[in-house]
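Summary of structural features
Residues per chain, in single letters:
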Amino acid sequence: AELDKTAAVVPESTALVPAPVDIANKLRYLFGRNGDYTVADAYQGTSWSVREKLIDSFNKTHEHWKKEDPKFIYYLSAEFLMGRSLINTVYNLGLEGEYAEALNQLGYEMEKVADAERDAALGNGGLGRLAACFLDSIATLDLPGWGYGIRYKYGMFKQALKNGYQVELPDIWLTKGNPWELRRDDVKFEVGFGGRVERRKQGNKEVTVWTPSEKVVAQAYDNPIPGFNTPTTSNLRLWDAVPLTEFDLSAFNAGDYDRAMLERERAEGISAVLYPNDSTPEGKELRLKQQYFFVCASLQDVLSRFKAVHGNNFDLLPEKACFQLNDTHPTIAVAELMRLLLDVEGLDWDQVWTITTKCLNYTNHTVMPEALEKWPVKVMAKMLPRHMEIIEVINEGWTKWLGGHLNDLAPEERTKRIAAMSIIHENPWNKEEMLVNMAYLAVVGSSAVNGVAAIHSNIVKDEIFNDFYQIFPSKFQNKTNGVTPRRWLAWCNPELASLITGTLGTSEWINDTEKLAGLRAYASDKAFQAKWAAVKKAKKAKLAELIKKVHGDEVNQNALFDIQIKRIHEYKRQYLNVLSIIWRYKQLKKMSPEERKKAVARVCVIGGKAASAYDMAKRIIRLVTAVGDVINKDPETKEYLRLYFLPDYNVSLAETIIPAAELSQHISTAGTEASGTSNMKFQMNGCLIIGTWDGANIEIAEETGIDNVFVFGVRAEEITQLRKERKNFKTDPRWDELMRDIEGGMFGDKDYFKPLVDSVNNMKVGNDWFLLANDFASYLKAQEDVDACYKDQSEWLRRSIMYTAGSGKFSSDRTIREYAEDIWHVTPSRPTA
Ligand code: CJB
């Protein structure tokens with residue numbers, strides 16, 4: 001019998017149910033709670049209620065896109081560092097009034113309720129957070145686009161301090177359920193590993209058949225991504241690995257419980273943990289498995305949707321889909337797209353190669369040579385035998401083509417150049433081993449290759465991929481990073497946002513940050529400065545509260561709040577920061593109480609995680625806590641100087657710290673930080689920068705006015721030469737004194753700090769690769785300039801306003817528009833509201 005479909009039509013979501021009732025409903029029917037709610041309950045009820053509005057918007061958007069069939073951009077990334085969702089969703093959907101009011105009626109404050117949410121920390125640092133900002137902009141700009149990644153069961157580890165040392169605890173983030181995701185039980189794909197490859201005759205055609213020895217299922221979870229001020233809600237599809245057969249019953253019946261569980265464990269292991277390495281790959285086989293797992297599922301998913309509409313007309317694929325490879329992590333996509341079109345769809349090599357290279361694009365995020373992933377041929381051949389074959393054929397064609405192209409070179413030079421550009425090459429440290437260079441595969445297999453800030457893109461062209469650049473100059477582009485002004489200004493600093501909106505007479509700057517330039521006219525206006533200062537003061541009070549909560553100390557809220565938060569890495573030079581803090585401390589100690597009163601007081605905060613196996617970074621953390629232990633207790637100086645390490649730095653902590661910061665430090669050795677993105681967040685929040693001429697600092701200084709930024713240190717062009725001259729470098733006497741202090745045990749833990757001292761002391765074992773000693777004197781000078789400027793509060797505030805006013809360029813909306821126009825060729829498609 002025909003079903004009466006109208007009987008099943010759902011009225012427009014919960015729009016008709018008042019929010020407080022809906023929240024109570026959710027608590028009653030999803031959680032069995034009836035009144036007497038905790039804050040955690042309020043969070044659950046609110047988020048499950050908001051989720052329905054989000055899904056309505058998601059469904060509308062996707063119905064619209066299905067009808068329009070526009071070209072899609074798929075952002076393939078092993079990391080998405082989303083942080084919390086409640087505030088972002090409520091504000092992006094324009095529901096803040098309704099839900100703030102609803103929570104008030106129930107006796108809660110939105111801010112406190114939002115605090116009960118755990119961060120989704122499926123990323124390490126800048127690269128993962130950039131992917132999250134990009135999704136926000138893609139949705140806000142109505143671009144048909146999705147993110148694709150892995151639904152790690154355990155995200156970035158939780159960092160705790162034990163006696164001042166970092167300890168890592170698992171991030172068990174899914175235990176209370178996740179209102180921001182939707183499991184798609186109808187979207188699953190098989191992913192295989194290992195096994196053998198055979199040729200078989202099929203009619204008069206020879207076909208290649210890969211029979212994997214291991215198979216798992218990729219299960220889709222959708223995470224709707226609301227745009228702001230638009231009906232568009234896009235999607236982040238994350239894959240969970242599950243066993244092919246839920247449970248091996250025969251083994252279980254035979255009493256072999258262990259074997260029955262084995263398949264489950266093996267499968268679930270693939271999406272179990274995020275590798276906690278930032279900018280340095282671990283080279284573990286499981287990592288390659290993770291990469292192939294999500295790439296394989298994502299490509300199958302896209303192809304299956306394409307086929308449902310366009311059948312086998314694969315030449316049309318590049319007009320309907322393009323993929324951005326977020327660093328080398330998803331580069332196996334080159335071989336996988338080839339395989340799917342060759343072996344599964346039966347197309348010819350040349351046609352497939354054309355389609356593949358048209359669809360793929362690659363972003364490089366770091367110049368650290370050790371970070372360019374290389375997989376041993378042996379590992380790849382065992383885990384992905386068919387892909388290894390395909391890469392070999394790609395490389396044969398590539399090197400042969402190169403041979404012809406480099407015809408003009410002398411034979412010897414030509415052979416050398418081809419070897420240097422080969423996708424498969426010897427391991428320079430172990431001649432026995434051959435490696436697949438994933439970055440070279442990405443460059444050869446993509447239409448466009450880009451760096452993430454102007455200086456970085458030049459290094460990409462002139463150094464790391466120079467051979468390739470000479471051959472394909474037009475392939476190389478720059479796309480300076482950006483951050484979403486929603487999360488990083490409007491939502492995390494509503495006080496500043498409302499001052500800006502009031503002053504500019506419009507809130508349009510939230511989607512058009514160039515309008516922030518209008519603040520320049522007020523930079524020297526004393527009345528406006530006073531309002532600006534009042535906001536900063538309120539935000540500083542919040543951070544002071546947090547410090548009190550974590551460390552139990554009251555801090556001087558009139559002190560300059562000086563912040564360095566980012567992953568701990570030698571190239572980011574937190575160590576240099578600590579040295580200058582020790583120097584400041586020693587100067588304060590020498591002063592008379594009267595002199596001290598004239599000094600600029602500082603509260604210094606350092607935060608960031610060290611990769612669990614990164615020994616030197618962990619020693620740096622301990623140095624911070626050890627120096628803090630001495631300084632923060634010293635009765636003579638503690639009014640004037642504090643140093644706190646804030647543990648477990650993550651997205652939500654950044655949202656509290658950044659609005660409160662007055663000075664932020666971006667002090668990487670010139671030429672080492674590809675871009676940096678927190679520098680942009682600080683800039684938006686009117687925080688002054690002390691920094692090197694590196695990454696996006698340069699463009700930030702250009703936009704803010706270079707005289708408003710405390711720039712110091714050597715330039716990228718000088719680095720190579722300076723490294724050669726390290727042996728003859730004459731260190732500053734103040735530097736020598738500090739080295740003796742640390743070595744002599746001024747902060748205890750002498751032996752533990754010895755490798756740190758050695759690593760930067762030319763006279764000893766190390767060679768100071770990141771040139772801390774070279775930049776030390778100019779850094780101290782820049783710090784003196786900071787103090788002098790802070791004493792003139794009106795000048796300081798003028799600069800602060802100029803930072804926000806100059807931040808227009810660093811909205812990820814600008815970045816995404818550039819990707820869309822220059823690389824993706826996707827255009828907006830907005831559903832009707
Ligand atoms: N980056 O966070 C990472 N992880 C990597 O493995 C490589 C690079 C960072 O990417 C950011 C986004 O492009 C950059 O701003 C940052 O400089 C870079 O270190």
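Residues numbered from 1 in each chain as written. Predicted model: local features only at pLDDT ≥ 70, side-chain atom pairs only at ≥ 80, totals over all residues. Heavy atoms only, no water.

**With respect to the overall build of the chain**
Secondary structure summary: the chain contains 33 helices and 24 strands in total. For 833 residues, the compact-globule estimate of 2.2 N^0.38 gives 28 Å, and the C-alpha radius of gyration of the chain, at 28 Å, lies within 12% of that figure. Each principal axis of the C-alpha distribution contributes one length, and for the chain these read about 95 × 75 × 60 Å. Here the chain holds 833 residues, and 60% of them are scored as buried. Just so you have it, the chain exposes about 33,500 Å², and 51% of that area is on carbon and sulfur atoms. (Helix = DSSP H or I, 4+ residues; strand = E, 2+ residues; numbered from the N terminus. Rg over C-alpha atoms; globule rule 2.2 N^0.38 Å. Buried < 20%, exposed > 50% of the residue type's maximum accessible area, 1.4 Å probe, protein only. Areas by Shrake-Rupley, 256 points an atom, 1.4 Å probe, with all protein chains shown as cover.)

**Some details on the domain arrangement of the chain**
The domains assigned to the chain are domain 1 (17-68 + 86-117), domain 2 (69-84 + 119-446) and domain 3 (485-711 + 775-811). Computed from C-alpha coordinates alone, the two centres of domain 1 and domain 3 are separated by 34 Å. With 5 residues of domain 1 at the contact, the number on the domain 3 side is 4 residues. Each partner contributes to the roughly 410 Å² buried at the junction of domain 1 and domain 3, and carbon and sulfur atoms together form 53% of this total. Taken together, domain 1 and domain 3 are joined by 1 salt bridge. A salt bridge links Glu111 to Lys542, with the nearest nitrogen and oxygen atoms 3.5 Å apart. In terms of residue count, helix α3 (residues 86-92) provides more of the side of domain 1 that touches domain 3 than any other element does, 4 residues in total. For the side of domain 1 that touches domain 3, a count of residues per class yields 2 nonpolar, 2 polar and 1 charged. (Domains from an automatic or database assignment. Contact = heavy atoms within 4.5 Å. Buried area = accessible area lost by both parts, 1.4 Å probe. Salt bridge = Lys/Arg side-chain N within 4 Å of Asp/Glu carboxyl O. Nonpolar A, V, L, I, M, F, W, Y, C, P; charged D, E, K, R; others polar.)

**Topic: the site of the ligand**
Taken together, 15 residues lie near the ligand, and Leu127, His365, Asn481, Glu673 and Gly676 sit nearest. Gly126 places a main-chain nitrogen or oxygen 3.4 Å from an oxygen atom of the ligand. In this structure, an oxygen atom belonging to the ligand sits 2.9 Å away from a main-chain N or O atom of Leu127. Coverage of the ligand by the protein chains reaches 94% of its 430 Å² of free accessible surface. (Near = heavy atom within 4 Å. Polar contact = N/O pair within 3.5 Å; in protein donor to acceptor, adjacent residues only side chain to side chain.)

**Focus on the sheet that holds strand β14 (residues 374-376)**
Sheet architecture is open: 3 strands sit in the order β14-β16-β15, paired in antiparallel fashion. A strand with exactly one partner marks an edge of an open sheet, and here the two such strands are β14 and β15 (424-427). Averaged over all adjacent pairs, the angle separating strand axes in this sheet is 45°, with direction ignored. Across 3 bridges, β14 lies against strand β16 (residues 430-437) in antiparallel orientation. Residue pairing for β16: Lys374 is matched across the bridge by Asn437. (Pairing = 2+ DSSP bridges. Axes fitted to C-alpha atoms, helices over the stretch in contact; angles between N-to-C directions.)

**Considering the nonpolar core**
Core analysis: the biggest nonpolar cluster contains 239 residues, and Trp239, Phe293, Met380, Ile391, Tyr575 and Trp824 have the highest contact counts within it. Lining this core are residues from two domains, each supplying at least three of them: domain 2 (69-84 + 119-446) and domain 3 (485-711 + 775-811). Setting aside residues no more than four positions away along its own chain, Trp824 makes contact with Lys71, Ile73, Tyr75, Ile138, Cys322, Gln324, Asn361, Ile816 and Tyr819. Among the nonpolar cores identified, the runner-up in size contains 17 residues, and Leu27, Leu54, Val90 and Ala102 belong to it. (Core = buried A, V, L, I, M, F, W, Y, C linked by side-chain atoms within 4.5 Å.)

**A word on the pairing of strand β21 (residues 641-645)**
In terms of burial, β21 is largely enclosed, as 5 of its 5 residues are buried. Because side chains alternate across β21, one face comprises the buried residues Leu641, Leu643 and Phe645, and the other comprises Arg642 and Tyr644, equally buried. Alignment of strand β20 (residues 602-607) against β21, held across 5 bridges, turns out to be parallel. Counterpart to Ile606 in the pairing with β21 is Phe645. In this view, the connection linking β20 to its parallel neighbour β21 by way of helix α24 (residues 615-631) has right-handed handedness. (Right-handed = clockwise from strand over helix to strand, strands pointing away.)

**Some remarks on the pairing of strand β23 (residues 688-691)**
Regular strands place their side chains on alternate faces of the sheet. Because side chains alternate across β23, one face comprises the buried residues Leu688 and Ile690, and the other comprises Ile689 and Gly691, equally buried. Summarising the sheet, strand β22 (residues 663-666) and β23 pair through 4 bridges and their orientation is parallel. Bridge assignment links His666 to a residue of β23, and that residue is Gly691. In this structure, β23 lies alongside strand β24 (residues 710-711), joined through 2 bridges in parallel fashion. Each residue of the ladder has a partner; that of Gly691, found in β24, is Val711. In terms of handedness, the path from β23 via helix α27 (residues 697-704) over to β24 forms a crossover that is right-handed.

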